[in-house]
Structures are given as C-alpha cells and as structure tokens.
Amino acid sequence: MEIRISSKLLGTSVLILLLFVAVFVDGGAEAQENQDAITAISWSSHGTSLAVGYLNGHIEIISVGGQVQLSLVMHTARVTELAWHPSGGWLASGSADGSVRVWDVSTGTLVRSHTGLTLITGVSWSNDGRELWAISLQDQPNLFVWNAESGELIASATVGSLYDPQWNETGTSLVAGSGGTVPVIVDTDSNIGSSYLDESAFPLALGEQIFSVAWSPDGTHVAGGTPNGHVRVWNVDTAQLIMDAGGDEHYDISKWRSSLIVELAFTAGGEQIQAIDGSGVFQAWDVTTSDLLGQEQLPMATPPVYAAAFSPDGTQIAYGGESGALRIEPVPSSACSFTITAGDAAGIISAINAANANLVPDTICLAADSTYTLTAAPNTQAGVNGLPAITTDITIV
C-alpha cells in the first residue's frame, strides 16, 4: 500500500495544532484529578456491550445493563481511543503511553501490542476488518496501517496531526479531525488531503479546529465539531459548507471543557445532526435549515464530560467524564430521525418506508403550519389512506 500525502495538509499550522492537542488531549489529562475519569467510550457493533477507557489506563467491557464483564489492564496512561473490530471479537485501544493494543474480548487476553510511539490520537479498523489504522501525535511517520491477522506493518506515512478517524458506511473513505478548520478526508487509494472541503469560511484560530467528526449514512456529508462549540456540515461532492450552528461567541481557552463538541452523529435519515458537548448538553439541528430542533441537559451528566458515543442503532447515548460514572440514556425524544419540508408528501412516504426498514423507534418531524397532499391510497390496512402501513415504532410530530 502506497500512501500519498497532500503538501497542503502537512503545512497546516503545525504550531497551532500542537498547542491545541497539548492542551485538549495531553495537558488536559494532567489537569484531571480523578484517575477513574472516563476518557474513551466505544459501542460494540451489536450494541449490547461497551468498551470504556479511563484516565489511569484501564479498560472495562461493560454490558448495557451496567455489569463489568472484563477488565483489561496494560496501558500506563490515559486511554485516548477505543475501536471494536467489525466481528466484535477484538478491541483496539490507543493510549497516551504511545501504544496501540489489540485485545480478545472473549477471553480478555492481549493479542498484540504496537509500542514505542507518541500519544495515540486515532485508532480505527477498516470496515472489512482486515486492517488496523492508527495515528500518533508527533512520530515521523505517524500514520500506521497494520495487517489485522498478522500484525505486520503494511503502510506508514507522515500526515500531520489527525484524530478521531471514522470510516463511511461503504468503507471507501475515512474522515478525521484536524488542526485546520475542516475535517480531513482519506480515500481508499490513500491519497490524504484537506483540500476536499472549503476552508475559506473560517480563520485558523484556537478553538476553530475540528475535534470530532461524523459521516452521514449515505456518505454525502461530513460533520465536524470544534472546541468552541460549533457544529458544521459539508457536502462532500461540492466541498461546500452547508450548515454552521452552535458556538460560543465569547469563547476563550478556559471554557474548552464545557464547550468542546465531544461527539457527533447523524440520524438514520441523514437529515439531522446530533451533538454532545463537554457540559453534558445534547443538541440536534436540521442539516438543511440549521434550525435547532432540540436541546437538553443529559441526566446526571456531571461535567465535564470527556467521552460520549451513540449506540449503533442511534437510540441510546453512553457518556462519562471526570466523575468516572458511565451513563446510558435514551436519545432525547425531541430529536427528529427524519425532517420533512413543507408540502413534501413524497418525503413523508419515503421517511415512513425508511423508518419501517430501520427496525428501531423513529420520529418524523413535519414542518409547522404546513399542508401535505396525498394523491394515492397505497394502504388499506386500517382504512383507505395515502400513507404506507406503519410496521415499527414511529412518531410523527
């Protein structure tokens, strides 16, 4: 595998980025006093277990019911990244101790270790599970790709500082946070660069860097969250910014623990972006209009929150932080799985069909004071009407 690097990416304000990561990823950990603080969370693909990493370097596998199933002890510093293998049998972990470790979660045994690196800022399995990708902070090279079965290093490159890498659903592209004001996209041909997205809208300043990222389900949009509380969405095909919401107009570095966007996720229909910040506040926006659809303080979210993750089916949120307590709560009901524009009757039908296929509870939000005209009657199950039969738990508001 050959990895080609964009010179633009390598030249992106390295000094600002190193300062940012030192404060938010490394120095921030030193400021934490509770060694049992939660610093990383990852759901298993089947959604029945979570991996939880702590400031003291320990990892626990915990059931959704809260039972500790395994304790994995090997890291000597903060756990920064956790990633379940697609099969669910292995877990990869990254740490501030400069190591990446692979665990067998059925037995709790260590499969292998990759050591001697600097702080790990990203760990991710390829979607087919054949490769393990990892990013470190200051090594040269600092992007590593290992064969999952053998542990053999099959590629490496110097890519600047990236973090929180996430693959799209098809496994053709990876998006990661960066020291610039847009996410970095990595294609499967391993041509890495930030020039895919428009950087012109925002000055490069502390607080504007992209810390958390997410793909839309169809892979057409990427979202990025910043330390100053902004949530932004770009169209990948046009490279244009289409949404900019949230943000602290009076941000300064002392506020990073509360305003930092810890986690992002699109809803199943891709029409809404959801976020959790360091103060434990959940927010949801309509991607098309940038309208705030819901905002709620999560229950018992003792700030600061350092880690959060949405369940694979999008119905639950796991979060934790300085207190060391793991919370698992339903996604607030104010969130819309699908948002239908005024008069779009076909959109309602499409949303119901998609929600039926999801097999999880969904909320379809209609535009206020709008009329939807249905011209066909495909459903006679409960009397003739123009909507498809509803076969799952769907709320239309």
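Residues numbered from 1 in each chain as written. Predicted model: local features only at pLDDT ≥ 70, side-chain atom pairs only at ≥ 80, totals over all residues. Heavy atoms only, no water.

Notes on the overall build of the protein chain
- Tallying secondary structure elements over the protein chain gives four helices and 31 strands in all.
- When contacts within the protein chain are restricted to residue pairs at least 6 apart in sequence, those whose partners lie at least 24 apart make up 47%.
- Carbon together with sulfur atoms contributes 50% to the accessible area of the protein chain, which is approximately 16100 Å² in total. (Helix = DSSP H or I, 4+ residues; strand = E, 2+ residues; numbered from the N terminus. Contact = heavy atoms within 4.5 Å. Areas by Shrake-Rupley, 256 points an atom, 1.4 Å probe, with all protein chains shown as cover.)

Section: the packing of aromatic side chains
- Throughout the structure, instances matching the rule amount to four aromatic pairs.
- Taking 6.1 Å as the distance between ring centres and 40° as the angle between the ring planes, the aromatic pair formed by Trp90 and Trp125 counts as tilted. One end of the pair, Trp90, is in strand β7 (residues 90-95); the other, Trp125, is in strand β10 (residues 120-125), and 35 residues separate them in sequence. Accessibility classification places Trp90 together with Trp125 in one group, the buried group.
- For the pair Tyr163 and Phe211, a centre-to-centre distance of 5.9 Å together with 45° between the ring planes defines the contact as tilted. (Phe/Tyr/Trp six-rings, centres within 6.5 Å; stacked < 30°, edge-to-face > 60°. Buried < 20%, exposed > 50% of the residue type's maximum accessible area, 1.4 Å probe, protein only.)

Brief notes about helix α4 (residues 345-358)
- Here α4 spans 20 Å end to end across 14 residues, near enough to the 20 Å set by a 1.5 Å rise per residue.
- Of the positions making up α4, those classed as buried are Ala345, Gly347, Ile348, Ala351, Ile352, Ala355 and Asn356.
- Two residues or fewer past α4, Leu359 is found with a positive phi of approximately 65°. (Expected span 1.5 Å × (residues − 1).)

So, the sheet that holds strand β31 (residues 394-396)
- Spatial strand order, β29-β30-β31: three strands in an open sheet with parallel pairing. The outermost strands of the open sheet, each flanked by one partner alone, are β29 (338-340) and β31. With strand direction ignored, the average angle separating the axes of adjacent strands in the sheet is 15°.
- Sheet strands in contact with α4 are β29, β30 (362-366) and β31, and its direction is about 170° off that of β29. (Pairing = 2+ DSSP bridges. Axes fitted to C-alpha atoms, helices over the stretch in contact; angles between N-to-C directions.)

Observations concerning empty space enclosed by the protein
- Within the structure shown, the criterion is met by two cavities of 30 Å³ or more.
- Looking at the second largest cavity, its volume works out to about 70 Å³.
- Trp133, Ile135, Leu143, Pro165 and Leu174 are, among the 10 residues lining the second largest cavity, the residues nearest its centre.
- It is strand β11 (residues 131-136) that contributes the most residues to the lining of the second largest cavity, three residues altogether. (1 Å grid on protein atoms, 1.4 Å probe; cavity = no way out; pocket = protein on both sides within 12 Å on 5 of 7 lines; lining within 4 Å. Points joined across faces, edges and corners; volume = space filled by probe spheres on them.)

A look at the nonpolar core
- Ranked by size, the top nonpolar core spans 14 residues in total, and within it Val100, Val123, Trp125, Leu132 and Trp146 carry the most contacts.
- Contributing elements (two or more residues each) for this core: β7, β8 (100-104), β10, β11 and β12 (143-147).
- Sort the elements by how many residues they give to this core and β10 lands first, with three residues.
- When neighbours within four sequence positions are excluded, Val100 is seen to be in contact with Ser93, Arg112, Ser113, His114, Ile120, Val123, Leu132, Ala134 and Trp146. (Core = buried A, V, L, I, M, F, W, Y, C linked by side-chain atoms within 4.5 Å.)

Focus on the pairing of strand β23 (residues 272-277)
- Within β23, six of the six residues are buried, leaving the element largely enclosed by the surrounding structure.
- Of the two faces of β23, both are covered, the one formed by Gln272, Gln274 and Ile276 as well as the one formed by Ile273, Ala275 and Asp277.
- Sheet topology note: the strand β22 (residues 261-266)/β23 ladder contains five bridges and is antiparallel. Looking at β23, one finds that Phe266 is bridged to Ile273.
- In textbook terms, the turn of a hairpin is the stretch between consecutive antiparallel strands, and for β22 and β23 this stretch comprises five residues, one of which, Gly270, has a positive phi near 75°.
- Direction of pairing for β23 relative to strand β24 (residues 281-286): antiparallel, over a ladder of five bridges. Within β24, the position partnered with Gln272 by the bridge is Asp286.
- Here β23 hands over to β24 after three residues, with Gly280 in that stretch at a positive phi of 85°.

Some points on a nonpolar patch on the surface
- The grouping of Leu366, Ile390 and Ile396 at the surface amounts to a nonpolar patch, some 210 Å² of accessible area in total.
- By secondary structure assignment, the location of Ile396 is in strand β31. (Patch = residues over 30% accessible without salt bridge, like charges linked within 9 Å, V, L, I, M, F, W, Y side chains within 5 Å. Salt bridge = Lys/Arg side-chain N within 4 Å of Asp/Glu carboxyl O.)

Regarding the side chain of Ser42
- Relative to the assigned elements, Ser42 resides in strand β2 (residues 38-43).
- On the basis of relative accessibility, which here comes to 11%, the residue Ser42 falls in the buried class.
- When near neighbours in sequence (up to four residues on either side) are disregarded, Ser42 contacts Ser49, Leu50, Ala51, Leu82, Ala83 and Trp84.

Overview of unusual backbone geometry
- Cis geometry marks the peptide bond from Gln140 to Pro141, where omega comes out at 5°.
- Along the chain, Pro141 falls in the loop between β11 and β12.
- The amide bond that connects Pro303 to the next residue, Pro304, takes the cis arrangement and shows omega of 0°.
- Following the sequence through the fold, Pro304 ends up in the loop between β25 (292-297) and β26 (305-310).
- Located in the positive-phi region is Asp164, a residue other than glycine, with phi close to 55°.
- Note that Asp164 resides in strand β14 (residues 162-167).
- Phi at Ala239 is positive, roughly 65°, even though this residue is not glycine.
- Position of Ala239 relative to the elements: it lies in the loop between β20 (230-235) and β21 (241-246).

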